[in-house]
Amino acid sequence: MGKLIAKTAGITLAAIVALALVLLGMFSWFAPGIMVTITENLGLEGACASYSISVYERSGEIDDLAVAVERCYNVGDYENAASYGSKLLSDEGFDDYCAKRDNEIASDDIGDTDQYLIGIVAESLYRTNQKENALNLVCAAANNEFRQQSAIVYLGVVAAEQEDAAFCSQILSRLDGMQLDEDLDLDLKKFKDMLREVAGE
């Protein structure tokens, strides 16, 4: 009798697990947005980032794309952050999205949305060994100006933290090409001094 009860309980448990897996698969396929909420609430940030990509793939909306890029970046999924980030930056609605977000959320921590997003995409490119693309991206975004909270600073700080002397030297060279007067800009001077220290210049 005991063996029969144990066997029945085992079958029931297996059925419940199988049903749960089927439901999980259905939600993942048909309702990735629900899975984003579930995984976020459970603190499963990696899974949440993955489901965020699925949400964007279904909607095609730039808001969902930006969320997916940020979540991938935050969990260190630099391959997807670089890939989908490049899509984000080339989206024709990127400028309007950034302007809308700047109006809705003013943040002294990240500065302007466009520089912040360009910065995290550039870092993702850098960390996936696409350094030249990263450097070209931030220099184009700088537009011959220097701001303390800008994409080129984000990238420079990452390169300095990695003690990447050669890349810091490349950033310095690009900054010199912009013909900016560091004597008139203390933030620029501090930034270049940091790069010089790592580059050994």
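Residues numbered from 1 in each chain as written. Predicted model: local features only at pLDDT ≥ 70, side-chain atom pairs only at ≥ 80, totals over all residues. Heavy atoms only, no water.

Asker: In this structure, what is going on with the packing of aromatic side chains? I would like to understand it.
Answerer: We describe a pair of aromatic rings using the distance from one ring centre to the other and the angle between the two ring planes. For the coordinates displayed, the defined rule picks out 5 aromatic pairs. Taking the centre distance of 6.1 Å and the plane angle of 70 degrees together, the rings of Y73 and Y78 count as edge-to-face. Between the aromatic rings of Y116 and Y154, the centroid separation amounts to 6.5 Å while the plane-to-plane angle is 80 degrees, which identifies the pairing as edge-to-face. Taken together, the residues Y116 in helix 7 (residues 113–127) and Y154 in helix 9 (residues 151–161) connect sequence positions 38 residues apart. (Phe/Tyr/Trp six-rings, centres within 6.5 Å; stacked < 30°, edge-to-face > 60°. Helix = DSSP H or I, 4+ residues; strand = E, 2+ residues; numbered from the N terminus.)

Asker: What should I look at first to understand the side chain of S124 in this one?
Answerer: Here S124 is to be found in helix 7. Apart from residues lying up to four places away in sequence, S124 is in contact with Y73, Y78, A81 and A82. (Contact = heavy atoms within 4.5 Å.)

Asker: Can you walk me through helix 4 (residues 62–74) in this structure?
Answerer: Between its first and last C-alpha atoms helix 4 spans 18 Å; for 13 residues at 1.5 Å apiece the expected length is 18 Å, and the two agree. Residues I62, L65, A66, A68, V69, E70, C72 and Y73 constitute the buried set of helix 4. Two residues or fewer past helix 4, G76 is found with a positive phi of approximately 80 degrees. (Expected span 1.5 Å × (residues − 1). Buried < 20%, exposed > 50% of the residue type's maximum accessible area, 1.4 Å probe, protein only.)

Asker: Explain the pattern of salt bridges to me, please; I cannot follow it from the model alone.
Answerer: Between side chains of opposite charge, pairing is possible as soon as their charged atoms come close. Going through the model one piece at a time under the given rule, you end up with 9 salt bridges. With a shortest N-O distance of 2.7 Å, K131 and D164 are connected by a salt bridge. Within this pair, whereas K131 is found in helix 8 (residues 131–142), its partner D164 is found in the loop between helix 9 and helix 10 (165–177), the two being separated by 33 residues in sequence. With a relative accessible area of 29%, K131 lands in the partly exposed category. In this structure D164 comes out as buried when scored by relative accessible area, which is 13%. A salt bridge links D176 to K192; the nearest nitrogen and oxygen atoms lie 2.7 Å apart. Here K192 lies in helix 11 (residues 186–199) and D176 lies in helix 10, a separation of 16 residues in the sequence. Sharing partners across several salt bridges, the network here consists of K189, D193 and R196. (Salt bridge = Lys/Arg side-chain N within 4 Å of Asp/Glu carboxyl O.)

Asker: Help me understand helix 8, please; the structure alone is not making it clear to me.
Answerer: In an α-helix, one full turn covers 3.6 residues, which means residues spaced three or four apart are oriented alike. Over its 12 residues, helix 8 extends 17 Å from the first C-alpha to the last, a length consistent with the 16 Å expected when each residue adds 1.5 Å. The set of residues buried in helix 8 consists of A134, L135, V138, C139 and A142. Considered in projection along helix 8, the buried side chains sweep an arc of 125 degrees and stay on one side of the axis. Where helix 8 is buried, its residues touch helix 7, helix 9 and helix 10. Positioned one or two residues after helix 8, N143 has a phi angle of 55 degrees, which is positive. (Arc of directions from axis to C-beta.)

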